[in-house]
Amino acid sequence: MVLYTYQAVGKDLGGLFMTKHYHYYPNNEKLLKMKPNIIFSGILDSGGSWSKIRHSHMYCEILYVSDGSGVTNVGGKNYNIKKGDLIIYNKGVWHGEHSDAGGISMLFFAVKDIEISGLEENHLIPDGRCPVMPSGSYDVMIENMLKMMVEELEHKNEYYKAITTNIAEVLLCYILRFYAIKAAENENVELCEKIRDYLEKNYKQNITVEELAAKFYLSKFYMLHLFKETMGVSPMKYLQYYKMKNAMKKLSETDRTITEIACSLGYEDGAAFSRVFKRSAGLSPSEYRERARSEAGSSVD
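Just so it is clear, the model here is predicted, and its values are computed rather than measured.

What follows covers the nonpolar core. Ile62, Ile88, Phe109, Val111, Met149, Leu171 and Leu172 are the most contacted members of the largest nonpolar core, which has 30 residues in total. For this core, the secondary-structure elements that each account for two or more residues are strand 5 (60-74), strand 7 (85-89), strand 8 (95-112), helix 1 (139-155) and helix 2 (160-201). The dominant element in this core, judged by the number of residues it contributes, is helix 2, at nine residues. Contacts of Met149, omitting those with residues within four sequence positions, involve Ile38, Ser41, Phe109, Thr164, Ile167, Ala168 and Leu171. Grouped together as the second largest cluster of nonpolar side chains are 29 residues, Cys192, Tyr203, Met244 and Ala262 included.

Here it is as structure tokens:
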């Protein structure tokens, strides 16, 4: 949060210039009390095929793929891993890795005495959660921090323990942030899938945006934004798409009249349905039926 800003106009030999001065202050977010105890840190650089048998340990281990690709097996399930991926092994989880033919390079560290609210000791993510997480735009920063940790532990210069502990704490906080963001994204996807399922089950009804938002206890504008961002189209566009898909199926596979099909899809009359269908398919319902049946007959021949 910015509580203080300062702007001034100055002048030098090159002309006028603007100086901006901002102060940012933390808010009242609850501090995460976590002082990880580092067990080890290291580097793996495999120029060719490499593997490690499945094992488990009583601490939490974090790996970062700095180059190459391979597979990690966690709890009996395989996950592909590639450059930029973070891999989290909770305490007690059986795991093993192998590289692809081109080899793999990884930076890693292990910590204990981690206590995250709602999780077991030395667990960084909930059980059953995907242990592989892309670092995205944070990749360079994470790689550099891990290299710094390894270097500090290797040379053991003054204050190296404090430095490596703080690096580990920052890395763990970023990982928790990544998983929190992913969890929120998953919740949004699940919600939008429920909205989609509701539309598909009730497509014959005259559903309005307001009614749909109220059904899921959302504001109209938030629901519209969330659905379009997640599904790529607005709820009403999706509803129209679903109706047209059903209309095409009925036109090509049944002998029902245009009016009967229109009513089955929730339209008041055949004319309104025909206008919407032509805008969507580029053909009138009767033209579409004729073309679909002609193409079906040709394929049989």
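Right, picking up where we left off after that structure.
This next bit is on a positive patch on the surface. A contiguous patch of positive charge, built from Lys228, Lys237, Arg275 and Arg279, is present on the exposed surface. Tracing the backbone through its elements, the reader meets Lys237 in helix 5 (residues 235-253).

The next point concerns the pattern of salt bridges. Counted under the stated rule, the structure contains seven salt bridges. Notably, a salt bridge pairs Lys82 with Asp85, separated by 3.6 Å at the nearest N-O pair. The exposure class assigned to Lys82 is partly exposed, which follows from its relative accessible area of 46%. The class for Asp85 is buried, based on a relative accessible area of 2%.

Next up on the list: helix 7 (residues 270-281). Compared with an ideal rise of 1.5 Å per residue, which puts 12 residues at 16 Å, helix 7 spans 16 Å between its outermost C-alpha atoms and is within 8% of the ideal. Those residues of helix 7 not exposed but buried are Gly270, Ala272, Phe273, Val276 and Phe277. Buried residues of helix 7, seen end-on, are gathered within an arc of 160° and therefore sit on one face of the element. Facing away from the buried side of helix 7 by over 90 degrees, the exposed positions are Arg275 and Arg279. Of the residues flanking the start of helix 7, the one acting as N-cap is Asp269, its side-chain oxygen 3.0 Å from the backbone nitrogen of Ala271.

Along the chain, Glu61 turns up in strand 5. Buried charge Glu61 goes without a salt bridge, the closest partner of opposite sign being Lys52 at 5.4 Å. Excluding its chain neighbours within four sequence positions, the residues that come into contact with Glu61 are Phe40, Ile87, Ile88, Tyr89, His95, Phe108, Phe109 and Ala110.

Right, let's get into a nonpolar patch on the surface. A cluster of nonpolar side chains, Met148, Tyr159 and Ile163, forms an exposed patch at the surface whose accessible area comes to about 320 Å². Structurally, Ile163 can be placed in helix 2. Classification of Ile163 by relative accessible area gives partly exposed; the value is 32%.

What follows concerns the packing of helix 5 against helix 7. Where helix 5 meets helix 7, the axes come as close as 11 Å, and the angle between the chain directions of the two elements is 100°. Relative to helix 7, the element helix 5 is oriented roughly perpendicular. Where helix 5 abuts helix 7, its residues Gln240, Met244, Ala247, Met248 and Leu251 lie against Phe273, Val276, Phe277, Ser280 and Ala281. Tallied by class, residues from the contact of helix 5 with helix 7 come to eight nonpolar, two polar and no charged.

Let's shift gears to the layout of surface pockets. Here the second largest pocket defines a volume of roughly 240 Å³. Surrounding the second largest pocket, 13 residues form its lining, Gln205, Asn206, Lys243, Gly266 and Tyr267 being those nearest its centre. Mapped by element, the contributors of at least two residues to the lining of the second largest pocket are helix 5 and helix 7. In terms of residue count, the dominant contributor to the lining of the second largest pocket is helix 5 (four residues). When the residues that make up the lining of the second largest pocket are grouped by side-chain class, the tally is six nonpolar, four polar and three charged.

Parameters and conventions
Residues numbered from 1 in each chain as written. Predicted model: local features only at pLDDT ≥ 70, side-chain atom pairs only at ≥ 80, totals over all residues. Heavy atoms only, no water. Core = buried A, V, L, I, M, F, W, Y, C linked by side-chain atoms within 4.5 Å. Buried < 20%, exposed > 50% of the residue type's maximum accessible area, 1.4 Å probe, protein only. Helix = DSSP H or I, 4+ residues; strand = E, 2+ residues; numbered from the N terminus. Contact = heavy atoms within 4.5 Å. Patch = residues over 30% accessible without salt bridge, like charges linked within 9 Å, V, L, I, M, F, W, Y side chains within 5 Å. Areas by Shrake-Rupley, 256 points an atom, 1.4 Å probe, with all protein chains shown as cover. Salt bridge = Lys/Arg side-chain N within 4 Å of Asp/Glu carboxyl O. Lys, Arg positive; Asp, Glu negative; His and termini not counted. Charge placed at Lys NZ, Arg CZ, Asp CG, Glu CD. Expected span 1.5 Å × (residues − 1). Arc of directions from axis to C-beta. Polar contact = N/O pair within 3.5 Å; in protein donor to acceptor, adjacent residues only side chain to side chain. Axes fitted to C-alpha atoms, helices over the stretch in contact; angles between N-to-C directions. Parallel < 35°, antiparallel > 145°, perpendicular 65-115°, else oblique. Nonpolar A, V, L, I, M, F, W, Y, C, P; charged D, E, K, R; others polar. 1 Å grid on protein atoms, 1.4 Å probe; cavity = no way out; pocket = protein on both sides within 12 Å on 5 of 7 lines; lining within 4 Å. Points joined across faces, edges and corners; volume = space filled by probe spheres on them.

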